[in-house]
Amino acid sequence: MAQRRRYLFVCINRRADDHPKGSCTARGSEEVYKALKAELAARGLAQLEARVCTSSCLDQCATGVTVLVEPDHFFYGRVTVADVPEIVDGIVSGQRIERLVLTSDEHEA
């Protein structure tokens, strides 16, 4: 099987509703995961370009829903289902969606 060019890890960590950090799942990460998978499949990109995988906590709780893009090694943060087509456009063009990219000062310690 061919290795895909990119892997998108979507945090689906779930915490109690009253947890101070919250969780990506409470912010809609499962829906983002499903939408990314569907969009890649619909565009015929799922077999060679990118694979969407679930992940446990990526330590970016304050900026969830979080997606780690590898091997490019950057995070998208505050992702919504509405962002999915633009993210997939970025995969096609090889361009990051800068408005979603987390900067080093946004990363949690």
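Okay, so let's go over this structure. Note that the coordinates shown come from a computational prediction; the quantities given were computed from them, not determined experimentally.

## Observations regarding the sheet that holds strand 1 (residues 6-11)
Then comes step 1: A sheet is described by the order of its strands in space; here four strands give the open sequence 2-1-3-4, paired in mixed fashion. Looking at strand neighbours, the two that pair on one side only are strand 2 (50-55) and strand 4 (74-76), the edges of this open sheet. Taking each pair of neighbouring strands and ignoring which way they run, the sheet shows an average axis angle of 25°.
Then comes step 2: Here three bridges tie strand 3 (residues 67-70) to strand 4, and the two strands are oriented antiparallel to one another. Of the residues in strand 4, the one forming a bridge with Val 69 is Phe 74.
Then comes step 3: Sitting on the sheet, helix 1 (residues 29-42) touches strand 1 and strand 2, and the angle it makes with strand 2 is about 165°.

## Focus: the packing of aromatic side chains
Then comes step 1: In total, this model carries one aromatic pair according to the counting rule given.
Then comes step 2: When the centroid spacing of 5.0 Å and the interplanar angle of 80° are considered together, the rings of Phe 74 and Tyr 76 count as edge-to-face. Here Phe 74 matches Tyr 76 in class, with each residue buried.
Then comes step 3: Lying over the aromatic face of Phe 74, Arg 96 brings its terminal NZ or CZ to 4.9 Å of the ring centre.

## So, the environment of Arg 51
Then comes step 1: Structurally, the position occupied by Arg 51 is in strand 2.
Then comes step 2: Owing to a relative accessible area of 37%, Arg 51 belongs among the partly exposed residues under this scheme.
Then comes step 3: Separated by 45 residues in sequence, Arg 51 and Arg 6 place their C-alpha atoms 6.6 Å apart.
Then comes step 4: Setting aside residues no more than four positions away along its own chain, Arg 51 makes contact with Arg 4, Arg 6, Tyr 7 and Leu 8.

## Examining the pattern of salt bridges
Then comes step 1: Counted by the stated rule, this structure contains seven salt bridges.
Then comes step 2: One salt bridge in this structure joins Glu 39 and Arg 43, with 2.9 Å as the shortest N-O distance.
Then comes step 3: Given the relative accessible area of 21%, Glu 39 is considered partly exposed.
Then comes step 4: The shortest N-O distance in the salt bridge between Glu 98 and Arg 96 comes to 3.1 Å.

## Quick look at the pairing of strand 3
Then comes step 1: Both faces of strand 3 are covered, namely the face carrying Val 67 and Val 69 and the face carrying Leu 68 and Glu 70.
Then comes step 2: Summarising the sheet, strand 1 and strand 3 pair through four bridges and their orientation is antiparallel. Each residue of the ladder has a partner; that of Leu 8, found in strand 3, is Val 69.
Then comes step 3: Hairpin connection of strand 3 to strand 4: three residues between the antiparallel strands, including His 73 at a positive phi of 55°.

About the cut-offs
- Residues numbered from 1 in each chain as written.
- Predicted model: local features only at pLDDT ≥ 70, side-chain atom pairs only at ≥ 80, totals over all residues.
- Heavy atoms only, no water.
- Pairing = 2+ DSSP bridges.
- Helix = DSSP H or I, 4+ residues; strand = E, 2+ residues; numbered from the N terminus.
- Axes fitted to C-alpha atoms, helices over the stretch in contact; angles between N-to-C directions.
- Contact = heavy atoms within 4.5 Å.
- Phe/Tyr/Trp six-rings, centres within 6.5 Å; stacked < 30°, edge-to-face > 60°.
- Buried < 20%, exposed > 50% of the residue type's maximum accessible area, 1.4 Å probe, protein only.
- Lys NZ or Arg CZ within 6 Å of the ring centre and 35° of its normal.
- Salt bridge = Lys/Arg side-chain N within 4 Å of Asp/Glu carboxyl O.

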